[in-house]
Amino acid sequence: MAHTEEYDVIIVGAGFAGVHQLLNIRKLGLAAKILEAGNGLGGTWYWNRYPGARVDSEMPIYQFSDPELWKDWTFSEYYPGWKEIQAYFRYVDEKLDVSRDVLYNSRVVSAHWNDSVNRWTVTTEDGRVFRAQFLSLCTGIGAKHHIPEFKGLDTFEGEIHHASRWPEEYDFTGKRAGVIGTGSTGVQIIQEIAPVVAHLTVFQRTPNLTLPMRQRKISPEEQEQLKEDLYPVFYNRRNQTFSGLFYDLDPTPIADTTPEERTLAFEDHWEKGGLRFWLGNYKELFSNQAFNDEVYSFWRMKVRERIPDPHLQEKLAPMQPPYPFGVKQPSLEQRYYEVYSQSNVTLVDISKAAIEEITPNGLKTSDGAEHKLDVLVLATGFDMVTGGIASIDIRGQDGIPIKEKWADGVQSYLGLASAMYPNMFWIYGPQSPCSFSNGPSSIEFTSEWVTACLKYMKVNNISSIVPSLEAQHAYSELVDQGSDALWSKAKTSWYLGTNIYGKKEQMLQFSGGMPAYAKLCNDSAAKGYDGFTLK
Ligand code: N01
């Protein structure tokens, strides 16, 4: 029988959330261990090292807000790439010795609650067993990658890589590459590899309504000045805006604005770049179809200016919106549209001629064409938001695996806990603001909330906490209402789980914004953790 290691808290995953949890729980004097499937810190930035992977929140908002950490760190670009973010995690590790409390190469496969001792028993793939009073799931929203069941996939004689399982080294020079998928991942890979491949074939089902990144270098001097003047303001501002960024949605009713005023606002967002045209736009973007059409028209005009070929214009920025603007995540691009004017790049519209099968030499579409390939990149996404947690065999008071519970739709209380699963929290998971918010903004808020809850329990001698079913139903209904707006008009969207065949359609994230979310969580805590049963 395996030796059992005892801790106060087991944390699953060593990305932003897991590291933040560990550093804060350490301060409470509790013994915590992170179990991490990979061989390094970074979470999504450990796994997603495909060419061109970079963050879409601008510097400095995408890092820990602890001054001890930001005062000695400088990024070189406004939107840092994966290598620099990995280096940042190594810096955090050197400074605070995170790794002494991390077990790498340790994929958690099960977590079972034992009511009689108030403890979780957690096991890893290699058979190690841990027991802890608390379980903190920091698995992120993209832990489970998705490979569609393409016919003949295993017959391909070239190389196949899913973007989030990228090899340490890969040289595209002289290769005929194919990319399936034009989500955020696909866009980043396509613009990065187009200049080096012999030929690139992009298989697009739905165009990405991308936004200009406006990437730029940032000098250490400029950053030092910003640190003195603005960093604390940026970090304090994060819980005050819808998306945890330092700019916000504009609540002005469209009816109270003029077309000229709106056009000037669009121009301003476009020129400043980043996510502003989306998360700094008028709030009605997500509920007012007529206004959404106006936003789309502006977007289409800007994009078409960069595409000389009218056929390509229609494929990449069609006259009819493929879905309301912003109800699927827009990717930030740098030279994406220019790529398609290169003579070595072909765009295949698989909404017209679907992928029929993968052959030993390439990919066949339903119009009979065979596209010859040496390497096939799957930028086909993830079983987002729920996949990471549901792939662990988690059983609570009733012994039912959480995956079974969630087969009919995810339910939670406050997007961080689940009825029947005591002393279990998740950070940046189902029904939290997740990717409607800048990652570290919502992660730090929830992680601090959980840490304060553990402190409250310790001080008040409380050994278990679990949400009531009533509170869970009420909260989940509130989250579901968020899908009433324009969100469901996209045919496939990971926001609603419709990117995965057979997954229940529901809004998986809290879409009311950070301030509303923080208020719900803080109100519960202020009332002695209202909605929870404490023992
Ligand atoms: O995944 P996606 P992603 N046949 O699901 C296509 C974050 N992220 O990895 O749109 C053919 O968005 C699918 O087509 P369609 C970010 O939150 C951030 O790109 O369903 N095609 C789509 O084009 C993002 O939103 C960054 O018609 C198929 C693509 O594959 C989230 O992760 C970078 C198919 C999947 O797009 C997910 O992004 C990367 C099939 N059977 C990711 N199945 C940053 O910039 C799927 N597709 C920080």
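So, a few notes on the structure that sits alongside this text. Since the structure is predicted, the reported quantities are computational estimates derived from the model, not experimental observations.

Let us look at the sheet that holds strand β16 (residues 375-378). The strand order across the open sheet formed by 5 strands is β7-β16-β8-β9-β12, and the pairing between neighbours is parallel. Unpaired on one side and paired on the other, β7 (159-162) and β12 (345-349) mark the two borders of the sheet. With direction set aside, neighbouring strand axes in the sheet form an average angle of 15 degrees. Taken together, the 4 bridges between β7 and β16 define a ladder with parallel strand orientation. For Ile160, the partnering residue across the bridge sits in β16 and is Leu376.

To continue, consider the site of the ligand. In the vicinity of the ligand there are 25 residues, among which Pro148, Gly181, Gly183, Arg205 and Gly381 approach most closely. It is helix α5 (residues 184-193) that contributes the most residues to the shell around the ligand, 4 residues altogether. Among the residues forming the shell around the ligand, the class breakdown is 8 nonpolar, 15 polar and 2 charged.

Axis separation between helix α15 (residues 439-459) and helix α17 (residues 514-526) bottoms out at 11 Å; the angle between their running directions is 0 degrees. Judged by the inter-axis angle, α15 sits roughly parallel to α17. Mapping the contact onto sequence places Ser441, Ser442, Phe445, Trp449, Ala452 and Cys453 in α15 and Met514, Ala518, Cys521 and Ala525 in α17. For the contact of α15 with α17, a count of residues per class yields 8 nonpolar, 2 polar and no charged.

With that out of the way, let us pick up the sheet that holds strand β15 (residues 370-372). The sheet built from 3 strands is open, its strands ordered β13-β14-β15 with antiparallel pairing. Because the sheet does not close on itself, it has two edges, and the strands there are β13 (355-359) and β15. Here the strands of the sheet are splayed against their neighbours by 20 degrees on average, with no regard to which way each runs. Bridge count for β13 against strand β14 (residues 362-365) is 4 bridges, and the pairing is antiparallel.

Conventions and cut-offs
- Each chain carries its own residue numbering, running from 1 in the direction its sequence is written.
- pLDDT decides what is reported in this predicted model: residues at 70 or higher carry local features, side-chain atom pairs at 80 or more are listed and counted, and totals for whole chains, interfaces and linings draw on all residues regardless.
- Should DSSP find at least two bridges between two strands, the strands are regarded as paired.
- Secondary structure elements follow DSSP: runs of H or I no shorter than four residues count as helices, runs of E no shorter than two count as strands, and numbering proceeds from the N terminus.
- Note on geometry: axes are C-alpha line fits, over the in-contact stretch for helices, and angles between N-to-C directions span 0 to 180 degrees.
- In this entry, near means the residue's backbone-placed C-beta atom lies within 6 Å of the molecule or strand.
- Nonpolar residues are Ala, Val, Leu, Ile, Met, Phe, Trp, Tyr, Cys and Pro. Charged residues are Asp, Glu, Lys and Arg, and all others, Gly as well, are polar.
- Note on terminology: angles under 35 degrees are roughly parallel, angles over 145 are roughly antiparallel, angles of 65 to 115 are roughly perpendicular, and the others are oblique.
- The contact criterion used here is simple: two residues whose C-beta atoms, placed from the backbone, lie within 7 Å are in contact.

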